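# Fold and geometry: a report
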Number of protein chains: 2
Amino acid sequence: MSAEGNGNGSSYARVILQQCLSARLMVQPATESEDAEYVQIGRGLIVYVCFLKGASETMIDKMVKSVLEARLSEPTDGGRLVSILDLPGDVMIIPQATLGGSLKGKVMQYHGNVQKDDGLRLYTQFVEKCEKTVAIANVKTGQNSIVRYGTYGNRQVFSTETNGPYTHYIEF
Amino acid sequence: MSAEGNGNGSSYARVILQQCLSARLMVQPATESEDAEYVQIGRGLIVYVCFLKGASETMIDKMVKSVLEARLSEPTDGGRLVSILDLPGDVMIIPQATLGGSLKGKVMQYHGNVQKDDGLRLYTQFVEKCEKTVAIANVKTGQNSIVRYGTYGNRQVFSTETNGPYTHYIEF
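Definitions and cut-offs
Residues numbered from 1 in each chain as written. Chains lettered and ligands numbered in written order. Predicted model: local features only at pLDDT ≥ 70, side-chain atom pairs only at ≥ 80, totals over all residues. Heavy atoms only, no water. UniProt positions renumbered as here; feature names shortened; annotations may be inferred. Buried < 20%, exposed > 50% of the residue type's maximum accessible area, 1.4 Å probe, protein only. Helix = DSSP H or I, 4+ residues; strand = E, 2+ residues; numbered from the N terminus. Right-handed = clockwise from strand over helix to strand, strands pointing away. Pairing = 2+ DSSP bridges. Least-squares fit on C-alpha atoms with pLDDT ≥ 70 in both. Expected span 1.5 Å × (residues − 1). Contact = heavy atoms within 4.5 Å.

The name given to chain A in an unreviewed UniProt entry is D-aminoacyl-tRNA deacylase, with Mya arenaria as the source organism. In its Subcellular location (unreviewed entry) section, the UniProt record describing chain A reads: "Cytoplasm". Taken from UniProt, the Subunit (unreviewed entry) comment for chain A reads in full: "Homodimer."

Below is the structure:
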């Protein structure tokens, strides 16, 4: 890529996918007067997402399609892998700006990341498109799969149980 | 990269790093006569690793150095990030061949992965080098940090609690 690039090759977004049996994520830290707030999902897909410089909203539809239609989820009967929409299963989206890091010596640098306000806008669009896509799939399957997501910019206090995370990395 | 390449650009190994408060991994599935066996770590670093075609043992030292010396761990006092060796903390290594996948349409392809016997050899060397490096650090720090690792080729049944996974992706 040219010197105008984002320093992360030609990619504009990075996604990590993991399968889970359950996952729990803090979306609001505790304050003096209130307990922390958490969201959780059951069997489903964990989606870590990070946008890099040059990312634009024209990518969102393709990203969501790839993430939700990729055949990476194992049916309970152990048959052929299916998409999370076909499983059907829940989705947890975790904003993870650290994924944009590039290791220089012993230090991670994040020069390739989008500006924070652009990242928030793209993240919000990504979440909304996932919610719409799962809602449409729910009508077809008659299930009630849920989408839960982290608060952009917060520390993503997170725990999960898996039957094998089956981790995949995708660049867009 | 040329047509002789591994189809994954010029990278020969992929690593994902996550911070954890605890992690637990199955290393031996249950049999008719025996329960499943698990290993676990406390506060520390989770290292998912995958070797691609063209990977060689000459890479191992650099990979281990990068992973164990990268300043990505938060001291309990919340000060500047330090390496897992300086934290000091435990290390859990998870072989994760799926990380070599490349999405074609809705299907993941793994043409870029090393052959399984080469992958096992490199994985074993990576684990041993991590164990040696942590053992040397233990002598310096007077701590007893542990290295635990998954069984190559097995399903990596895994659970973790984090205070923020702080996920990083590194290619070698």
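Right, picking up where we left off after that structure.
To continue, consider the pairing of strand β5 (residues 90-95) of chain A. Residue and element names in this part refer to chain A. The buried count for β5 comes to six of six residues, which makes it a mostly enclosed element. Burial along β5 is two-sided: D90, M92 and I94 and V91, I93 and P95, pointing in opposite directions, are all buried. In the classification by handedness, the crossover that spans strand β4 (residues 44-51), the intervening helix α1 (residues 60-69) and the parallel β5 is right-handed. In the sheet, β5 pairs with strand β8 (residues 147-149) via three bridges, with the strands oriented parallel. By the bridge assignment, M92 is partnered in β8 with R148.

Structural alignment of chain B on chain A gives an RMSD of 0.0 Å, achieved by rotating through 180 degrees and translating 0.0 Å along the axis. Such a turn and shift between the copies fits a two-fold axis. Judged by C-alpha distance, B:T160 is the residue of chain B that lies nearest the rotation axis, at 2.8 Å.

Residues and elements named next belong to chain B. Look at helix α2 (residues 116-141): 37 Å from first C-alpha to last across 26 residues, which is about the 38 Å you get at 1.5 Å a residue. Every buried residue of α2 is accounted for by G119, L122, Y123, F126, V127, C130, V134, A137 and N138. Those residues of α2 hidden inside the fold are in contact with β4 (44-51), α1 (60-69), β5 (90-95) and β8 (147-149). Immediately beyond the C-terminal end of α2, within one or two residues, lies G142, with a positive phi of roughly 75 degrees.

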